Amino acid sequence: MDLGQVRRGVDMGPSAMRYAGLIEGIKELGFDVVDYGDITIHRSSNGSKQEQNLKNLQEVIKTSEELCRDLDQILSKGGFPLVLGGDHSMSIGSIAGISKHYKNLGVIWYDAHTDLNTADTSPSGNIHGMPLAINLGLGHPLLTEIGGYSPKVKRENIVIIGARSIDEGERELIKQEGIKVFTMHEIDRKGMTAVMEEAISYLKDRTDGVHLSLDLDALDPVDAPGVGTPVLGGVTYRESHLAMEMLAESGMITSAEFVEVNPILDNKNQTADIAVELVASLLGKKLI
Ligand code: LYS
């Protein structure tokens, strides 16, 4: 879906990743794959509406409810859900469906942004800048209550990696809640190996499942240009593979989503190709 922001095209991200060989790639690793297809997006026929600095609120609610239901059912059957996007507002529905299966779900938010805005702090009114706050129980009740419970994630179970574009209200929330963030500064300074070791050992004992929410804009736009909100100075292609390989070795990831792939803004499907390669590393693909 693309209704959590205003640039068209990100709803084609899942097609681009399928086209880039996602399913074949996962099968080659020896897994069984069931493709549940796309979920229906309920677009309003009279154009988008903004309510209280929340663009397309009703459409985002409907889509989130549907995604929540689907993921809940898929998880009840067992298996590893891999969700493709789509703008990052989809995490409202995905984590709502996933988190009810865990007592202490951990979330790794691999992203250039911290997505901790609410309607009160958002500079854009775009809901894709709000999903992490909503999962913490902060924001419009119709969004925080998707799935019938809130919060979905405890603040101490979150690790943000790759942040470099943080709004004022988000900065305050991070300090107030003591949310663990590895910005680009920490990645530059300590290196990705140390950052991932710290993130993994931080989450290991306190969680009973960890969801990876990977926004392709965490990567530098030189590597991943097909994203709606690119920010210079990002995580490199190699660092991202290393991060995925270390998560695979940790064995801690129980679900994942790869979001914000926008083929219209991309260069010959480069960003979708990278997303597919990163999925493979996350699921255990090794060079040798
Ligand atoms: N922080 C900005 C906003 O809330 C950008 C968010 C980008 C999310 N992918 O509008």
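Because the structure is predicted, anything quoted here is derived from the model rather than measured.

Novice: I'd like to hear about the overall build of the protein chain, residue by residue, with values.
Specialist: Along the backbone of the protein chain there are eleven helices and eight strands. The C-alpha atoms of the protein chain give 17 Å as radius of gyration, which agrees with the globular expectation for 288 residues (19 Å, within 12%). Taking the principal axes of its C-alpha atoms as reference, the protein chain extends roughly 55 × 40 × 40 Å. Within the protein chain, the fraction of its 288 residues that count as buried is 55%. A separation threshold of at least 6 residues defines the contact pool for the protein chain, and within that pool the share at least 24 residues apart is 73%. When the accessible surface of the protein chain is summed, it comes to about 12300 Å², and 50% of that surface belongs to carbon and sulfur atoms.

Novice: Which residues make up the site of the ligand, and what values do they have?
Specialist: Around the ligand sit His113, Asp115, Asn117, Pro123, Ser124, His128, Gly129, Asp167, Asp215, Asp217, Thr229 and Glu260, and that is every residue in its neighbourhood. In the environment of the ligand, an oxygen atom lies 2.5 Å from a nitrogen or oxygen atom belonging to the side chain of Ser124. Burial of the ligand by the protein amounts to 92% of the accessible area it has alone, namely 310 Å². Grouping the constituent residues of the shell around the ligand by class yields one nonpolar, six polar and five charged.

Novice: Describe in detail the pairing of strand S4 (residues 105-110), supporting the description with residues and values.
Specialist: Where burial is concerned, most of S4 is hidden: six out of the six residues are buried. On S4, burial covers both faces: Leu105, Val107 and Trp109 on one face and Gly106, Ile108 and Tyr110 on the other are all buried. As defined by bridge partners, S4 adjoins strand S7 (residues 209-215) across six bridges and the pair is classed as parallel. The residue of S7 that forms the bridge with Ile108 is Leu212. For S4 and strand S5 (residues 158-163), the ladder comprises four bridges, and the chain directions are parallel. Along S5, the bridge assignment pairs Ile108 with Val159.

Novice: Give me the lowdown on helix H10 (residues 237-250), citing residues and values where you can.
Specialist: Taking 1.5 Å per residue, 14 residues should reach 20 Å; H10 reaches 20 Å between its end C-alpha atoms and fits that length. Residues of H10 that are buried include every one of Ser240, His241, Ala243, Met244, Met246, Leu247 and Ser250, and no others. Two residues or fewer after H10 comes Gly251, characterised by a positive phi angle close to 70°.

Rules used in this analysis
- Residues numbered from 1 in each chain as written.
- Predicted model: local features only at pLDDT ≥ 70, side-chain atom pairs only at ≥ 80, totals over all residues.
- Heavy atoms only, no water.
- Helix = DSSP H or I, 4+ residues; strand = E, 2+ residues; numbered from the N terminus.
- Rg over C-alpha atoms; globule rule 2.2 N^0.38 Å.
- Buried < 20%, exposed > 50% of the residue type's maximum accessible area, 1.4 Å probe, protein only.
- Contact = heavy atoms within 4.5 Å.
- Areas by Shrake-Rupley, 256 points an atom, 1.4 Å probe, with all protein chains shown as cover.
- Near = heavy atom within 4 Å.
- Polar contact = N/O pair within 3.5 Å; in protein donor to acceptor, adjacent residues only side chain to side chain.
- Nonpolar A, V, L, I, M, F, W, Y, C, P; charged D, E, K, R; others polar.
- Pairing = 2+ DSSP bridges.
- Expected span 1.5 Å × (residues − 1).

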